Amino acid sequence: MSVGPTMLDAMPSYDPVTRAETARLRAEARLAGTIADFFLDADARLDDRTRLMLAHVLGAIVGAIEWDIRRHAARLLAGVGSTRAGEAILKAGAGGVVQQLTRAGLLRDEDLMEELIARVRHDLIAASLPVEVAEPEEASLLVRLAGVPDSIVASAASALLAAESRRRVANELGSAGGSELPAELHHRLVWWVAAAIRDGLNAATRESDRAITEAAERSLAAHDEGEQPAAVATRLAKALDARPNELAAVLVESIGDRRLSLFVAVLAHALGIAFDQARSITLEPDGDRLWLALRALDMDRPTIARIGLALSEADPRRDIEAFADALDAIVSIGVEDARASIAPLALNRDFRMALRALARTDRR
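These numbers were taken from a predicted model, which means no experiment stands behind them. (Residues numbered from 1 in each chain as written. Predicted model: local features only at pLDDT ≥ 70, side-chain atom pairs only at ≥ 80, totals over all residues. Heavy atoms only, no water.)

Q: Hey, could you go over the overall build of the protein for me, with residue numbers and the actual values?
A: Scanning the protein from N- to C-terminus turns up 19 helices and zero strands. Structurally, the protein occupies a C-alpha span of about 80 × 50 × 50 Å along its principal axes. With 364 residues in all, the protein has 37% of them scored as buried. In the protein, the share of contacts with a sequence separation of at least 24, taken over all contacts with a separation of at least 6, comes to 73%. Total accessible area on the protein is roughly 20400 Å²; 56% of this is exposed by carbon and sulfur atoms. Here the protein contributes 44 positive and 55 negative side-chain charges, whose respective centroids are spaced 6 Å apart. (Helix = DSSP H or I, 4+ residues; strand = E, 2+ residues; numbered from the N terminus. Buried < 20%, exposed > 50% of the residue type's maximum accessible area, 1.4 Å probe, protein only. Contact = heavy atoms within 4.5 Å. Areas by Shrake-Rupley, 256 points an atom, 1.4 Å probe, with all protein chains shown as cover. Lys, Arg positive; Asp, Glu negative; His and termini not counted. Charge placed at Lys NZ, Arg CZ, Asp CG, Glu CD.)

Structure follows, in structure tokens:
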């Protein structure tokens, strides 16, 4: 009896021993991944919503860089008469760069993933914050700031409205207008993508290498950190320069207006720390360092309660009952004690990283 072609028949022809070995390695890799996932602590495991958005953001950022490099490299080659080489760059391995970088282990880079996970969690929490309007007829905080007579404040507020709108649209569409990464990480990712594109060519030439290199350098030159929400929010916080008697109102209204970037930036400015440090302590589900930071700024019980309740409502990882039980203890912490406890946050970033690396070595 004749049977139709099987899946094995449709596979490329190669040695059955190689086939079996490849299948065995895939099975081992799957098992190792499943075991690692099973033994992860619950608070270390990404929830499905965060995992999905992280995949979208990572794919969109890599895809945008990849397309820019491929397109410009192909254009350069076409300009010198190497149209076929340009077409090869456009087609060879197109869309598979994320998989290439994943297989190579490059996307496990701790700095890159820390930044992307923080961005995703920040955006998800910001979108879930409860809206609190002090006066029903009053415009939101950022809209009001965009209309103040102080041109520096107004310009920064308008820029933040635009930057957050672009980010929100990109998140909804699963796209990316640019990498929106810090310059160092963008630099790293651009060269990884360039290498993956080159690796996908059947036959790289000196001309194609030069074109890919020039296209990558163009991507690096076009990168502008200053238009990212974090940078714009930082400029606005510096322009506002909220006084101690204004700080509580600005922080509470930023949270109530769902402007988490502004909340983080104002907190960072008031504490004299970097935006990424303030974002990190704001996103931590236990909140201990955030409460210490707020006490270091002499925030009172109602202010801490409103911020804590809003974040608890927006972030399912937070335990709202534990926060309520701990509120008295939080408020009882002295301002100077709180300042001393968070002082390491103000250290130079490279110094902090060196201390962290040294601590890991000492624990071995």
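Next, the rest of the story.
Q: So what about the pattern of salt bridges? Which residues, and what values?
A: Inspection of every chain in the model, using the stated rule, returns 24 salt bridges. When the shortest N-O distance is used, the salt bridge between Asp-241 and Arg-243 registers 2.7 Å. Classification of Asp-241 as partly exposed rests on a relative accessible area of 33%. One network of salt bridges, in which partners are shared, links Asp-109, Asp-111, Glu-184 and Arg-188. (Salt bridge = Lys/Arg side-chain N within 4 Å of Asp/Glu carboxyl O.)

Q: Outline the confidence of the model for the protein, listing residues and values.
A: Detailed reading of the predicted coordinates is not advisable wherever pLDDT is low. Per-residue pLDDT for the protein has a mean of 87; in total, 92% of the residues score no lower than 70. Mean pLDDT in the protein bottoms out at helix α1 (residues 7-10), which sits at 44, and peaks at helix α13 (residues 260-271), which reaches 97. Predicted confidence is poor over residues 1-12, with pLDDT under 50, and the contacts of this stretch with residues over four places away or in other chains come to three contacts. (pLDDT = per-residue confidence, 0-100.)

Q: Lay out a negative patch on the surface with the relevant residues and their values.
A: A grouping of Asp-41, Asp-43, Asp-286 and Asp-288 is seen on the molecular surface, where their side chains present a negatively charged patch. Among the structural elements, Asp-43 can be located in the loop between α2 (16-38) and α3 (48-79). (Patch = residues over 30% accessible without salt bridge, like charges linked within 9 Å, V, L, I, M, F, W, Y side chains within 5 Å.)

Q: Tell me about the nonpolar core, and please be specific about residues and values.
A: Judged by nonpolar contacts, the single largest core of 55 residues is most densely connected at Leu-236, Leu-251, Leu-260, Leu-267 and Leu-294. When residues in this core are grouped by element, the largest group, nine residues, is from α13. Filtering out sequence-adjacent residues up to four positions away, Leu-267 remains in contact with Leu-251, Ala-278, Ile-281, Thr-282, Leu-290, Leu-294 and Leu-297. Core analysis: the next-biggest nonpolar cluster, separate from the first, contains 35 residues, Leu-101, Val-120, Leu-181 and Ala-194 among them. (Core = buried A, V, L, I, M, F, W, Y, C linked by side-chain atoms within 4.5 Å.)

Q: Can you lay out the packing of α3 against helix α4 (residues 83-91) for me, pointing to particular residues and giving the numbers?
A: It is at 7 Å that the axes of α3 and α4 come closest, and there the two elements cross at 175 degrees. Judged by the inter-axis angle, α3 sits roughly antiparallel to α4. Two secondary-structure elements touch here, α3 through Trp-67, Arg-70, Arg-71, Ala-73, Ala-74, Leu-77 and Ala-78 and α4 through Thr-83, Ala-85, Gly-86, Ile-89 and Leu-90. In terms of residue class, the contact of α3 with α4 is made up of eight nonpolar, two polar and two charged. (Axes fitted to C-alpha atoms, helices over the stretch in contact; angles between N-to-C directions. Parallel < 35°, antiparallel > 145°, perpendicular 65-115°, else oblique. Nonpolar A, V, L, I, M, F, W, Y, C, P; charged D, E, K, R; others polar.)

Q: Before we move on, can you summarise empty space enclosed by the protein with the specific residues and values?
A: Throughout the structure, instances matching the rule amount to two cavities of 30 Å³ or more. Surrounding the largest cavity, Asp-47, Arg-49, Thr-50, Arg-121, Leu-124, Ile-125, Ala-314, Asp-315, Pro-316 and Arg-317 form its lining. If you list the elements that add at least two residues to the lining of the largest cavity, you get α3 and α6 (110-128). Of the residues that constitute the lining of the largest cavity, the class distribution is four nonpolar, one polar and five charged. (1 Å grid on protein atoms, 1.4 Å probe; cavity = no way out; pocket = protein on both sides within 12 Å on 5 of 7 lines; lining within 4 Å. Points joined across faces, edges and corners; volume = space filled by probe spheres on them.)

Q: An account of a nonpolar patch on the surface is requested, with residue identities and associated values reported.
A: Together, Leu-31, Ile-35, Phe-38 and Phe-39 make up an exposed nonpolar region whose accessible area comes to about 490 Å². You can see Ile-35 is positioned in helix α2.

Q: Outline the packing of helix α9 (residues 183-199) against helix α10 (residues 206-222), supporting the account with residue identities and numerical values.
A: Running from amino to carboxyl end, α9 crosses α10 at an angle of 160 degrees, the nearest separation of the two axes being 10 Å. The angle between α9 and α10 falls in the class roughly antiparallel. By crossing handedness, the relation of α9 to α10 is classed as right-handed. For the pair formed by α9 and α10, the contact residues are His-186, His-187, Val-190, Trp-191, Ala-194, Ile-197 and Arg-198 on the first element and Asp-209, Ile-212, Thr-213, Ala-216, Glu-217, Ser-219 and Leu-220 on the second. For the contact of α9 with α10, the residue count by class is seven nonpolar, four polar and three charged. (Left-handed = near helix turned anticlockwise from the far one by under 90°.)

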